[in-house]
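In case you want the letters, here they are:
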Amino acid sequence: MGRARLPERAEVVVIGAGLSGLRCAMLLADNGLDVLVLEGRERVGGRVLTLDQVTGNPEAGANTMLAGYGRTLDAARSLGLDLVECSRRRSKGDPLIAIGGEAMTAQAWATSPRNPLAAQRRALLPGPALRAELAKVPLPEAPDGWCAPEHAALDVAMRDFLAERGFSEAEIALCHDTNPSQGSNAANVSLANWVFVRSFFAAQRASGPDEWAVKGGNSRLPEAMARTIADRIHLGRTVSAISQRGRDSEVRLASGERVLAGHVVCTLPLAPLRRVAFDPPLPAAHAEAVAQAPNMKITQTHFEAESPFWEEDGLPPDMWTDGLLGNVQVNRGGEDPCAITSLTAWGRGNTALALDRLAPAQAQAQLLAEFERLRPAARGKLRVAGFKSWQADPFAAGDWTVWAPGQAHRLPRASGLAHGRVHFCGEHTALADRGMEGAMESAERVALEILTA
Ligand SMILES: Cc1cc2nc3c(=O)[nH]c(=O)nc-3n(C[C@H](O)[C@H](O)[C@H](O)COP(=O)(O)OP(=O)(O)OC[C@H]3O[C@@H](n4cnc5c(N)ncnc54)[C@H](O)[C@@H]3O)c2cc1C
């Protein structure tokens, strides 16, 4: 693994050494194919990234594997990695709510003048109020029904769906667009996208309540996978163009290097794919997905606390705010499952973008100031130990794909279709699973495509 000279040709060139690329390359190598992996970064793992320099090794990328993550859990176990059960490491109670700079407990929220929710949902926190409405939508039977053309009626804007269900503008702004988990605003997210999220989580919960992470950090999984095919992985190799000529394709790198490939497997998320030239060009629907599908914006700030200020002020350590801090969640990454090791401020959607408009040092100073204003007990006790904007990272250019209204019943399937002998995998092409498990699902599909070609 490293910067060895590239061979002239490989039977299969896999672009990207995230989970989907590594899984696909391992399967093809196991089946005797000559595989080469080109990774743009100087590390493997893609959007799996453990912050080893922060106490308790919190994750900047993928956090947990749910009970039904058969492929990912099996990969970790079969590589001899130890797993940690995480559901019991989560905070039990509600977070502290901070709206318009005013901090209050979840109980006080129900009667606060800052609470814009209609009477029937006023006692709920914003996220649960949104999920309660979504729970009324019947799920398609098939796990990939959310993107099936026969369910195109689901492919409407979340904003319209919520407005029809009686949500006011203020409720939509608070329940959907503040600390969103899908997209940045309800007008640009399809209800079908949310139905996918719901049906995926329902299937996972049916497998059990447990959640897992790799002991020592989730990066240990891609690292262990990479060790099994280390001599085939080339780091620091950014692909810029793929041309198909005759039976071989030419894969061109930003460095000017070239490799010929019998098959190419492209695992790039849609946004970084915009920087890769295809000859012949991608089919129309796939090109539309690359150019226009939105993705999640996430900027994380990781804090270490010198002493447990939450014991001093007696308030919940987790916070849900409508300010730059976004959603603050504690991490319990040590041997003791109850001990808080660090805190992560998740800036999502427009909050992530607002943070990215500031210089990192300025963003961190403002976040610390906001934290100390909301929690005077934290004054002088916090240190920023990690900071990561996924949008500012050119190899991700954002996080998971979010399908916009009108896209969900047309583009997800098109994004996974082979284009001649160029194949596409990655989390955004998975139709039944999401996240890490989706990445693994998609890798198996593409390995089979090539093995049966
Ligand atoms: C903050 C955050 C939280 C998350 N939480 C969870 C969670 O709790 N559970 C869960 O299951 N999932 C979670 N995910 C999602 C999960 O991390 C991803 O779905 C999964 O890792 C995607 O794998 P992939 O192989 O599809 O893509 P990636 O990991 O993005 O791999 C693509 C690879 O391609 C490389 N690349 C890009 N451009 C080029 C180029 N031009 N040339 C060569 N190489 C290139 C990249 O460097 C990368 O290594 C989270 C992600 C983030 C960021």
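Residues numbered from 1 in each chain as written. Predicted model: local features only at pLDDT ≥ 70, side-chain atom pairs only at ≥ 80, totals over all residues. Heavy atoms only, no water.

A. Focus on the domain arrangement of the protein. In terms of domain boundaries, the protein breaks down into domain 1 (1-82 + 137-148 + 190-293 + 402-453) and domain 2 (90-127 + 156-189 + 297-389). Taking only C-alpha atoms into account, the centre of domain 1 sits 30 Å from that of domain 2. With 24 residues of domain 1 at the contact, the number on the domain 2 side is 25 residues. Across the salt bridge formed by arginine 90 and glutamate 211, the nearest N and O atoms sit 2.6 Å from each other. Here the side of domain 1 that touches domain 2 gets four residues from one element, more than from any other, and that element is helix α7 (residues 191-207). (Domains from an automatic or database assignment. Contact = heavy atoms within 4.5 Å. Salt bridge = Lys/Arg side-chain N within 4 Å of Asp/Glu carboxyl O. Helix = DSSP H or I, 4+ residues; strand = E, 2+ residues; numbered from the N terminus.)

B. The UniProt feature "binding site: FAD" (unreviewed entry) in the protein, seen in detail. Sequence positions flagged by UniProt for "binding site: FAD" (unreviewed entry) are, in local numbering, Ser20, Val239 and Glu427. The annotated residues named above include Glu427 as those lining the largest cavity. Among the structural elements, serine 20 can be located in helix α1 (residues 19-30). Setting aside residues up to four positions removed in sequence, serine 20 forms contacts with Thr267, Cys425, Gly426, Ala439, Ser442 and Ala443. On the basis of relative accessible area, glutamate 427 is assigned to the buried category, the value being 15%. Ignoring sequence-local partners within four residues, the contact set of glutamate 427 consists of Arg47, Trp400, Thr401, Gly435, Gly438, Ala439 and Ser442. A polar contact of 2.8 Å, which involves the side chain of glutamate 427, links it to the side chain of arginine 47. (UniProt positions renumbered as here; feature names shortened; annotations may be inferred. 1 Å grid on protein atoms, 1.4 Å probe; cavity = no way out; pocket = protein on both sides within 12 Å on 5 of 7 lines; lining within 4 Å. Buried < 20%, exposed > 50% of the residue type's maximum accessible area, 1.4 Å probe, protein only. Polar contact = N/O pair within 3.5 Å; in protein donor to acceptor, adjacent residues only side chain to side chain.)

C. View of helix α4 (residues 126-134). Listed in full, the buried residues belonging to α4 are Pro126, Gly127, Ala129, Leu130, Glu133 and Leu134. Take α4 and look down its axis: the buried residues cluster within an arc of 165°, on one side only. On its buried face, α4 is in contact with α3 (106-109), α5 (158-164), α6 (169-175), α7 and β14 (319-321). (Arc of directions from axis to C-beta.)

D. Geometry of the site of the ligand. Of all residues adjacent to the ligand, which total 38 residues, the nearest are Ser20, Glu39, Arg47, Tyr69 and Asp399. Contact distances for the ligand include 2.9 Å between an oxygen atom and a side-chain N or O atom of arginine 41. Here an oxygen atom of the ligand and a backbone polar atom of glycine 435 are 3.4 Å apart. Protein contact buries 96% of the 1000 Å² of open area that the ligand shows by itself. Elements represented by at least two residues in the shell around the ligand include exactly α1, β13 (298-305) and α15 (435-451). A per-element tally of the shell around the ligand places α15 first, with three residues. (Near = heavy atom within 4 Å. Areas by Shrake-Rupley, 256 points an atom, 1.4 Å probe, with all protein chains shown as cover.)

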